[in-house]
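The lines below spell out each chain.
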Amino acid sequence: MRAVMYEEFAGVPSVVEIDRPTCPSDGVVVRVAATGVCRSDWHAWQGHDDSVRLPHVPGHEFAGVVTEIGADVRDHRVGDRVTAPFVFACGRCSECLAGATQVCPHQQQPGFTVPGSFAEELVVPHADVNLVPLPDAVAFVEAAGLGCRFGTAYHALHARGRVRAGEHVLVVGCGGVGLSAVIVAVAAGAHVVAVDVSPAGLARAEALGARVVPAGKRAVERVRGLTDGGAHVAIDAYGSRATSVDAVASLRPRGRHVQVGLLLGDEAAPALPMGRVIAEELELLGSHGISVGEYAAMLDDVVAGRLRPDASVGRTITFDELPAALVAMDGPSASAGMTVAVL
């Protein structure tokens, strides 16, 4: 089968021929119909993730069709339309048994610890735990983001941020996960303000229902003015010392900050104002993907039209364009929203 592979960090990836994956007894093989190009893929390619071993096939946001099932799989059949979260959980540990599959300590991650979805096929292990049936009404392109960016935004706002109708929500960063957060927050009845350096990203966020503020020295002041003294929930959807600090600074007393964007390398240690965190009882929350158990409610909202993951898609590309799309994330994007490759 064809796959995108890189043999050194930051080296130019290429399309190569590799062996088809072997189906484990408790897993399935999925033929990839669509896969997203995420900033986390870029971090892995840059060598920011110690779990990646070279040579490597990236990609962790996907949707497709089951082509092979293992002998121990009970709940799925060849031909099923499916997606999966980017955390492949074990299904047996205390976290999994509590429903928190997204923080399984024995997790595998496609595109990081195991070969990913920048390929014609990939394996989903522990399929009865991790595989999510996809309704016919949900197209593969919009479903690709449900495993990471859109699903991550949904979990960050509902499970972690506990967003409520009428609250003020700040979204810092208007890439794929940030625009997804705007969509989810607006659907929840929140008043949303979005901040970014990109005019294209801000324009897209505004079209989705957010008020927008260009990033800069007065951004925090302007956000606090637009949110009647500060946001109830702030989402750092980009991931840097500056964006995390600004997000926390934009909260009102007892506000909740949710860190979604990865803080890696030189950005790993932001100087957060812990004195204010104590005095104003702020909450600092991490958010990692989405649990398998959250998909049913999210997909119900998608099918009913209450959530529009398709609105977070910026452009679609071909499989052969994947290497260039990954390399292009080195610089600013001229377009807004997530990039999805269609196979």
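Computed from a predicted model, the values in this text were never measured in an experiment.

Another point: unusual backbone geometry. With glycine set apart, most residues show a phi of negative sign, and most peptide bonds adopt trans. Residue Pro-55 follows Leu-54 across a cis peptide bond; omega there is -10 degrees. When you line up the elements, Pro-55 lands in the loop between α1 (39-46) and β4 (62-69). The phi angle at Arg-254 is positive, at roughly 65 degrees, despite the residue not being glycine. By the secondary structure assignment, Arg-254 is in strand β12 (residues 251-259). Accessibility expressed as a relative area gives 61% for Arg-254, which makes it exposed.

Our next topic: the side chain of Glu-294. With respect to the helices, strands and loops of the structure, Glu-294 is situated in the loop between β13 (283-286) and α11 (295-303). Of the side chains with opposite charge, Arg-160 lies nearest to the buried Glu-294, which makes no salt bridge, at 9.0 Å.

Evaluated as defined, the whole model comprises zero aromatic pairs. Between the NZ or CZ atom of Arg-39 and the centre of the ring of Trp-42, over which it lies, the distance is 4.5 Å. Above the plane of the ring of Phe-140 lies Arg-81, whose end atom (NZ or CZ) is 4.3 Å from the centre.

Here the focus is the layout of surface pockets. Roughly 230 Å³ of volume is contained in the second largest pocket. Surrounding the second largest pocket, 17 residues form its lining, Pro-21, Pro-115, Glu-121, Leu-122 and Val-123 being those nearest its centre. In the lining of the second largest pocket, the residues fall into eleven nonpolar, three polar and three charged.

Moving on, we come to the sheet that holds strand β10 (residues 211-214). Across the sheet, which stays open at both edges, the six strands sit in the order β10-β9-β8-β11-β12-β13 with parallel pairing between neighbours. A strand with exactly one partner marks an edge of an open sheet, and here the two such strands are β10 and β13. The sheet shows a mean angle of 20 degrees between the axes of neighbouring strands, taken without regard to direction. Inspection of the sheet shows β12 paired to β13 by four bridges, in the parallel sense. For Arg-256, the partnering residue across the bridge sits in β13 and is Glu-283. Each of β8 (168-172), β11 (231-236), β12 and β13 touches helix α5 (residues 149-160); the most contacted strand, β11, lies at about 150 degrees to it.

Analysis parameters
- Residues numbered from 1 in each chain as written.
- Predicted model: local features only at pLDDT ≥ 70, side-chain atom pairs only at ≥ 80, totals over all residues.
- Heavy atoms only, no water.
- Helix = DSSP H or I, 4+ residues; strand = E, 2+ residues; numbered from the N terminus.
- Buried < 20%, exposed > 50% of the residue type's maximum accessible area, 1.4 Å probe, protein only.
- Lys, Arg positive; Asp, Glu negative; His and termini not counted.
- Salt bridge = Lys/Arg side-chain N within 4 Å of Asp/Glu carboxyl O.
- Phe/Tyr/Trp six-rings, centres within 6.5 Å; stacked < 30°, edge-to-face > 60°.
- Lys NZ or Arg CZ within 6 Å of the ring centre and 35° of its normal.
- 1 Å grid on protein atoms, 1.4 Å probe; cavity = no way out; pocket = protein on both sides within 12 Å on 5 of 7 lines; lining within 4 Å.
- Points joined across faces, edges and corners; volume = space filled by probe spheres on them.
- Nonpolar A, V, L, I, M, F, W, Y, C, P; charged D, E, K, R; others polar.
- Pairing = 2+ DSSP bridges.
- Axes fitted to C-alpha atoms, helices over the stretch in contact; angles between N-to-C directions.
- Contact = heavy atoms within 4.5 Å.

In short, the description is geometric, and any link to function would need to be established separately.
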